[in-house]
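# Close look at the chain arrangement
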Amino acid sequence: MFHKYAVELFDVRKDYFLGKIRVPALRGVNLKVLSGDFISIVGPSGSGKTTLLNVMGLLDRPTEGKVYINGMDVSRLSESERAKVRLKYIGFTFQMFHLIPWLTALQNVEIPLILAGVPSKLRVKRAIECLRAVGLADRMNHRPGELSGGEQQRVAIARAIANNPKIILADEPTGNLDSKTGRTIVELLRSLNEKLKTTVIIVTHNLEVAKSTNKIYHLRDGVIVKEEEP
Ligand SMILES: Nc1ncnc2c1ncn2[C@@H]1O[C@H](COP(=O)(O)OP(=O)(O)O)[C@@H](O)[C@H]1O
Ligand SMILES: [Mg+2]
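Let me begin by describing the structure that accompanies this report.

Reading the values: rules and limits
- Sequence positions are assigned chain by chain, starting from 1 and proceeding in written order.
- A letter from A marks each chain and a number from 1 marks each ligand, given out in the order of writing.
- For this predicted model, a pLDDT threshold of at least 70 governs which residues receive local features, and a threshold of 80 or more governs which side-chain atom pairs are given and counted, while totals over whole chains, interfaces and linings are taken from all residues.
- Three exposure classes are used, all based on how many other C-beta atoms lie within 10 Å of a residue's own C-beta (placed from the backbone): buried at 20 or more, exposed at 12 or fewer, and partly exposed between those limits.
- The way it works is that DSSP assigns letters per residue, a run of H or I at least four long becomes a helix, a run of E at least two long becomes a strand, and they are numbered from the N terminus.
- If DSSP finds at least two bridges between two strands, the strands pair.
- Buried Ala, Val, Leu, Ile, Met, Phe, Trp, Tyr and Cys residues whose C-beta atoms connect them within 7 Å together make up a nonpolar core.
- Residue pairs are scored as contacts if the distance between their C-beta atoms, which are placed from the backbone, is within 7 Å.
- As a rule, any residue with its backbone-derived C-beta atom within 6 Å of a molecule or strand is reported as near that molecule or strand.
- With strands facing away from the observer, any crossover in which the path from the first strand over the helix to the second runs clockwise is taken as right-handed.
- Only the stretch in contact is used when fitting a helix axis, every axis being a line fitted to C-alpha atoms; angles between N-to-C directions are given from 0 to 180 degrees.

Attention shifts here to the pairing of strand E10 (residues 223-228). Burial analysis of E10 places just zero of its six residues in the buried class, a small minority of the element. Note: strand E9 (residues 215-220) against E10, five bridges, orientation antiparallel. Looking across to E10, one finds that isoleucine 216 is bridged to glutamate 228. Where E9 folds back onto E10 in an antiparallel hairpin, the turn is made up of two residues, including aspartate 221, whose phi is positive at roughly 45°.

Before going further, it helps to examine the nonpolar core. Nonpolar side chains in soluble globular proteins generally cluster together in the buried interior. Grouped together as the largest cluster of nonpolar side chains are 59 residues, with contacts concentrated most on Val109, Leu131, Ala158, Leu169 and Ile201. Here the element with the most residues in this core is helix H5 (residues 149-161); it accounts for six residues. Discounting chain neighbours no more than four positions away, the residues touching alanine 158 are Val109, Cys130, Leu131, Ala133, Val134 and Leu136.

This part covers the site of ligand 1. Near ligand 1 you find Tyr16, Leu18, Val23, Ala25, Gly43, Ser45, Gly46, Ser47, Gly48, Lys49, Thr50 and Thr51, and these make up its full shell. Counting residues per element, the ones that place at least two in the shell around ligand 1 are strand E1 (5-18), strand E2 (21-34) and helix H1 (49-56).

Among the six residues that make up strand E8 (residues 199-204), six are buried, leaving the element largely enclosed by the rest of the structure. Residues Thr199, Ile201 and Val203 of E8 are buried on one face, and the alternating residues Val200, Ile202 and Thr204, pointing to the opposite face, are buried as well. Taken together, the five bridges between strand E3 (residues 38-42) and E8 define a ladder with parallel strand orientation. Across the sheet, the residue bridging to valine 42 is threonine 204, located in E8. Here strand E7 (residues 167-171) pairs with E8 via five bridges, running parallel. Note on E8: the bridge partner recorded for isoleucine 168 is valine 200. Handedness of the crossover joining E7 and E8 through helix H6 (residues 179-196): right-handed.

Quick look at H1 now. Counting buried residues along H1, six of its eight residues qualify, which places the element largely inside the surrounding structure. Among the residues of H1, Lys49, Thr51, Leu52, Leu53, Val55 and Met56 are the ones counted as buried. The first or second residue beyond H1 is leucine 58, which carries a positive phi of 60°.

Taken together, the four strands give an open sheet; going across it, the order is E2-E1-E4-E5, and neighbouring strands pair in antiparallel fashion. The open sheet has two edge strands, E2 and strand E5 (72-73), and neither has a second partner. Bridging between E1 and strand E4 (residues 64-69) involves five bridges; their strand directions are antiparallel. Note that in E4 the partner of valine 7 across the bridge is isoleucine 69.

As summarised here, the arrangement of the six strands in space is E6-E7-E8-E3-E9-E10, forming an open sheet in which the pairing is mixed. Looking at the sheet topology across the chains shown, the edges are occupied by strand E6 (90-93) and E10. Neighbour to neighbour, the strand axes of the sheet diverge by 20° on average, direction disregarded. Pairing of E3 with E9 involves four bridges; the strand directions are parallel. The residue bridging valine 42 from the neighbouring strand is histidine 218, located in E9. Strands E6 and E7 of the sheet are contacted by H5, whose axis makes an angle of about 165° with E6.

The following block contains the structure:
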């Protein structure tokens, strides 16, 4: 079931503590992301982008404020309930890919399926399907070290879509790639958004990447200072 909004944030604040020193990373963020949208959050290093993505993806809890995923208030859920929501609704990709180096592409894509309890035959079938969707079926037995950066990010995207999530959260997905390869990764995310209706949220400090999304939110010092439709 699709709710109107994939993600809603209400006055989200997040403080980190370094000993007794409070580091405010998010200082009151309000944001509604339509289901099926393709948006970006841009801001300089240290502006709170990763913190914001981790809060939206339930990897981290806000210090204050509320987070809704697909219309559901997840603020008060227990850790195990949050893990279930994460597994079912959310796929992540990272700047450094975060693939497991000693596993093949196929085995990396199988990981979220194992966590979701998918039986092995079905799991392999689904993992191959996802690798095919990112154009990498012919590399499924390669390990990350035997793949280019762009190919590794595509494996990471295959892993992110394995459980058919409603939302893909991509933290600097092109940050470690040359600009041409980066463009193909953004195009891939766009095509998944169009084909699967997956909501895609890209965090980036690259304005060119942001300009290819439907909506850009500018983050400065932990607050959204500007919204634009390129
Ligand atoms: N685990 C942490 N402990 C303390 N401070 C942190 C931690 N993570 C991030 N910060 C601080 O929070 C702010 C936002 O960081 P981050 O969300 O990583 O920004 P961005 O992804 O935009 O570079 C920065 O000032 C950063 O130093
Ligand atoms: Mg970051």
